[in-house]
Amino acid sequence: MAYVNQARPDYGGFVFAPSRRQVSYKQAAVLRARLAGGIMPVGVFVDAPLADLAALYKDGIIAMAQLHGREDEAYMAELKSLCGGEIPLIKTLILGRDSLEGASFPRGADYFLLDSGSGSGTAFNWDLLKGLTIPKPWFLAGGINLDNIEEAMACMPFAIDVSSGAETGGVKDGEKILRLVEKTRSSEGP
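Thresholds, definitions, all that
Residues numbered from 1 in each chain as written. Predicted model: local features only at pLDDT ≥ 70, side-chain atom pairs only at ≥ 80, totals over all residues. Heavy atoms only, no water. Helix = DSSP H or I, 4+ residues; strand = E, 2+ residues; numbered from the N terminus. Rg over C-alpha atoms; globule rule 2.2 N^0.38 Å. Contact = heavy atoms within 4.5 Å. Areas by Shrake-Rupley, 256 points an atom, 1.4 Å probe, with all protein chains shown as cover. Lys, Arg positive; Asp, Glu negative; His and termini not counted. Charge placed at Lys NZ, Arg CZ, Asp CG, Glu CD. Buried < 20%, exposed > 50% of the residue type's maximum accessible area, 1.4 Å probe, protein only. Pairing = 2+ DSSP bridges. Right-handed = clockwise from strand over helix to strand, strands pointing away. Salt bridge = Lys/Arg side-chain N within 4 Å of Asp/Glu carboxyl O. Arc of directions from axis to C-beta. Polar contact = N/O pair within 3.5 Å; in protein donor to acceptor, adjacent residues only side chain to side chain.

(A) Main features of the overall build of the protein chain. Along its length, the protein chain carries six helices and nine strands. Against the 2.2 N^0.38 benchmark of 16 Å for 190 residues, the protein chain shows a C-alpha radius of gyration of 16 Å, consistent with a compact globule. Overall, the protein chain is about 40 × 40 × 35 Å in size when its C-alpha atoms are taken along their principal axes. If you take every contact in the protein chain between residues at least 6 apart in sequence, the share linking residues at least 24 apart comes to 53%. With an accessible surface of roughly 9,900 Å², the protein chain has 52% of that area assigned to carbon and sulfur atoms. With 19 positive and 23 negative side-chain charges, the protein chain shows a separation of 4 Å between the mean positions of the two kinds.

(B) Spatial organisation of the pairing of strand S2 (residues 40-45). Along S2, five of the six residues are buried, which leaves the element largely enclosed by surrounding structure. In this sheet, S2 lies alongside strand S1 (residues 11-15) in parallel orientation, the contact comprising five bridges. Directly across from Gly-12, in S2, lies its bridge partner Pro-41. In the classification by handedness, the crossover that spans S1, the intervening helix H2 (residues 25-34) and the parallel S2 is right-handed.

(C) Quick look at the pattern of salt bridges. Taken as a whole and judged by the stated rule, the model has eight salt bridges. The partner of Glu-167 in a salt bridge is Arg-21, with the nearest N and O atoms 2.8 Å apart. In this pair, Glu-167 is assigned in strand S8 (residues 167-168) and Arg-21 in the loop between S1 and H2, connecting sequence segments 146 residues apart. A residue is classified by how much of its surface remains accessible, and Glu-167, at 8% relative accessible area, is buried. Between Asp-110 and Lys-80 there is a salt bridge; the shortest N-O distance is 2.6 Å. In this pair, Asp-110 sits in the loop between strand S4 (89-94) and strand S5 (111-115) while Lys-80 sits in helix H4 (residues 73-82), placing the two residues 30 residues apart along the sequence. Its relative accessible area of 28% is what places Asp-110 among the partly exposed residues.

(D) Focus on helix H3 (residues 50-58). Here H3 has its buried residues at Leu-53, Ala-54, Leu-56 and Tyr-57. Along the axis of H3, the buried positions cluster into a sector of 160°, meaning they face one direction only. Pointing more than 90 degrees away from the buried face of H3 are the exposed residues Ala-51 and Lys-58.

(E) Structural context of the pairing of strand S6 (residues 138-141). Burial along S6 is two-sided: the residues Trp-138 and Leu-140 and Phe-139 and Ala-141 are all buried. Pairing analysis gives three bridges linking S5 to S6, with the strands arranged parallel. Of the residues in S6, the one forming a bridge with Leu-113 is Phe-139. Note that S6 and strand S7 (residues 159-161) share three bridges and pair parallel. Bridged to Phe-139 within S7 is Ala-159.

(F) Representation of the side chain of Glu-71. Checked against the element boundaries, Glu-71 lands in the loop between strand S3 (64-67) and H4. In terms of polar contacts, Glu-71 uses its side chain to reach the side chain of Lys-91, at 3.0 Å. Those residues in contact with Glu-71 that lie beyond four places of it in its chain are Phe-45, Val-46, Asp-47, Met-76 and Lys-91.

(G) Structural detail: the environment of Ile-134. Summarising the element assignment, Ile-134 is placed in the loop between S5 and S6. Note: C-alpha distance between Ile-134 and Ala-166 (32 residues apart in sequence) is 27 Å.

Listed below in structure tokens is the structure:
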């Protein structure tokens, strides 16, 4: 957590979906209490019960939700209702390495996250984004690391989402976190 607070990314993700990165409610509460102000705590979910997400939001553990499952318009509308209409939602669109077929942009989302697959650590063909009209601000994820972050930023996303690219041996690497955030900050305009 110290490296995240030192690096000051715009967002910090707490993974509640089943994975090797999964945290419990209690662990997330402890991490959230240690998270520096100005870093948006984002909960990462896959088809989670609505009440669980709403509780995390109402308890101030998350301020935004990233949805990686089959969450549809009705799910997003109900979640917003449970959270007083205020929780920002990022809907993940899983894009094939060489195809944008089937990509749809749900109206209930506030942002989109374009990824090659939940937690795969593999980039899709970013050239496919050229000429694509994305109706809302979007995050780019999947296989982003120190070697290709400049190429990822050249795609002009609203934000970059890095997970495995900030790890060494499956564990978050403080130096990589610092360098990744530094690289994004150094390329930002005035």
